[in-house]
Amino acid sequence: MANTLGIIKPDGVRRKLVGKIISRIETAGLIIRGLRVLKLSRSEAEKFYAVHEGKPFFNSLVDFMTSGPIVVMVIGGHGAVERWRDLMGATDPAKSRYNTLRREFGTSVEKNVVHGSDAEDTAKVEISFFFKEKDILPKE
Ligand code: UDP
Ligand code: MG
C-alpha cells in the first residue's frame, strides 16, 4: 500500500471539475485518504515547486498555482504513485494518452488540471507539505 499526493489545480477547481476528478480516482480503485481545499500563498507555491526554480516556466507556474483555490488529496492504494500518474497523463495535455485527465481537461502544458507526485519518496515529502499525520486515514 502506498500513498501519493494529488492536487486539483486552480483551473480544475475554477471549471468545477472536482467531482469528476475524484470520481475517476475512486472508479480506478484508489482511495481518498486525505482531502483539503486551500489557496497557496506565493511563498508556499515557490517552496512546493522549488525543484523547478530557475526554469523559464517557474514564475508563471507560481502565478498560476496561486491564482485560485486548489484541492489537495492523499491518494492511496497499491502502486498509487504510478496509477495516479497514469490517470493524469503526460505533463503536456497535447501529448497525453486519451482517457487521461490532462488530455481531457488540460488546456496547456501549464494549465494541466492536476498534479501528482513522481515517486514514493517525493510523495512522502509532498504529503507532509499539506497534511499532518492525524489528518490522513491510516492504511489498512
Ligand atoms: N510546467 C510548465 N511548463 C513546462 C513544464 C511544466 O508550465 O514546460 C508546469 C506544469 O503545470 C507542470 C508543472 O510545471 O505540471 C511541474 O512540471 P513537471 O515537469 O514536474 O511535470 P509534472 O510532474 O506535473 O507532470
Ligand atoms: Mg513533477
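Treat the numbers as computed from the prediction; the structure is a model and nothing was measured.

Enquirer: I'm lost on the packing of aromatic side chains in this one. Help?
Expert: Pairs of aromatic rings are described using the distance from one ring centre to the other and the angle between the two planes. Throughout the structure, instances matching the rule amount to four aromatic pairs. Ring centres of Phe-48 and Phe-129 lie 5.4 Å apart, and the angle between their planes is 65°; this geometry places the pair in the edge-to-face category. Of this pair, Phe-48 sits in helix α3 (residues 42-48) while Phe-129 sits in helix α7 (residues 120-130); the two residues are 81 residues apart in sequence, bridging distant segments of the chain. Take Phe-129: its relative accessible area is 27%, and that puts it in the partly exposed class. Taken together, a centroid distance of 4.9 Å and an interplanar angle of 65° make the contact between Phe-129 and Phe-130 edge-to-face. Given a relative accessible area of 7%, Phe-130 falls into the buried group. An aromatic cluster is present here, built from Phe-48, Tyr-49, Phe-129 and Phe-130 joined pairwise through their rings.

Enquirer: Before we go on, may I ask you to explain the sheet that holds strand β2 (residues 31-38) in this structure?
Expert: As a general point, the strands of a sheet are linked pairwise by backbone hydrogen bonds and lie either parallel or antiparallel. The strand order across the open sheet built from four strands is β2-β3-β1-β4, with neighbouring strands paired in antiparallel fashion. The open sheet has two edge strands with one neighbour each: β2 and β4 (114-116). Pairwise comparison of adjacent strand axes, ignoring direction, gives a mean angle of 20° for this sheet. Contacts between α7 and the sheet are confined to β1 (2-8), β2, β3 (70-77) and β4, with β1 contributing the most and set at about 55° to the helix.

Enquirer: Just to check I follow, could you spell out the site of ligand 1 for this structure?
Expert: The environment of ligand 1 is formed by Lys-9, Tyr-49, His-52, Phe-57, Leu-61, Arg-85, Thr-91, Arg-102, Val-109, Glu-110 and Asn-112. Within the contact set of ligand 1, an oxygen atom lies 2.9 Å away from a side-chain nitrogen or oxygen of Asn-112. Considering ligand 1 on its own, with 500 Å² of exposed area, one finds that the protein chains cover 79% of that surface. Of the residues assigned to the shell around ligand 1, the class counts are four nonpolar, three polar and four charged.

Enquirer: What am I meant to see in the environment of Val-109 here?
Expert: Position of Val-109 relative to the elements: it lies in the loop between α6 (101-105) and β4. Each C-alpha atom of the pair Val-109 and Ser-67 lies 16 Å from the other, and the pair is 42 residues apart in sequence. If we skip the residues at most four places from it in the chain, Val-109 touches Thr-91, Asp-92 and Pro-93.

Enquirer: Please clarify how the pattern of salt bridges should be interpreted in this entry.
Expert: Between side chains of opposite charge, pairing is possible as soon as their charged atoms come close. Applying the stated rule across the entire model yields six salt bridges. The closest approach of N and O atoms between Glu-104 and Arg-24, which form a salt bridge, is 3.0 Å. Of this pair, Glu-104 sits in helix α6 while Arg-24 sits in helix α2 (residues 18-27), placing them 80 residues apart in sequence. Looking at Arg-24, the relative accessible area reads 24%, which means it is partly exposed.

What counts and what doesn't
Residues numbered from 1 in each chain as written. Chains lettered and ligands numbered in written order. Predicted model: local features only at pLDDT ≥ 70, side-chain atom pairs only at ≥ 80, totals over all residues. Heavy atoms only, no water. Phe/Tyr/Trp six-rings, centres within 6.5 Å; stacked < 30°, edge-to-face > 60°. Helix = DSSP H or I, 4+ residues; strand = E, 2+ residues; numbered from the N terminus. Buried < 20%, exposed > 50% of the residue type's maximum accessible area, 1.4 Å probe, protein only. Pairing = 2+ DSSP bridges. Axes fitted to C-alpha atoms, helices over the stretch in contact; angles between N-to-C directions. Contact = heavy atoms within 4.5 Å. Near = heavy atom within 4 Å. Polar contact = N/O pair within 3.5 Å; in protein donor to acceptor, adjacent residues only side chain to side chain. Areas by Shrake-Rupley, 256 points an atom, 1.4 Å probe, with all protein chains shown as cover. Nonpolar A, V, L, I, M, F, W, Y, C, P; charged D, E, K, R; others polar. Salt bridge = Lys/Arg side-chain N within 4 Å of Asp/Glu carboxyl O.

Geometric descriptors of this kind do not, in isolation, establish any biological role.
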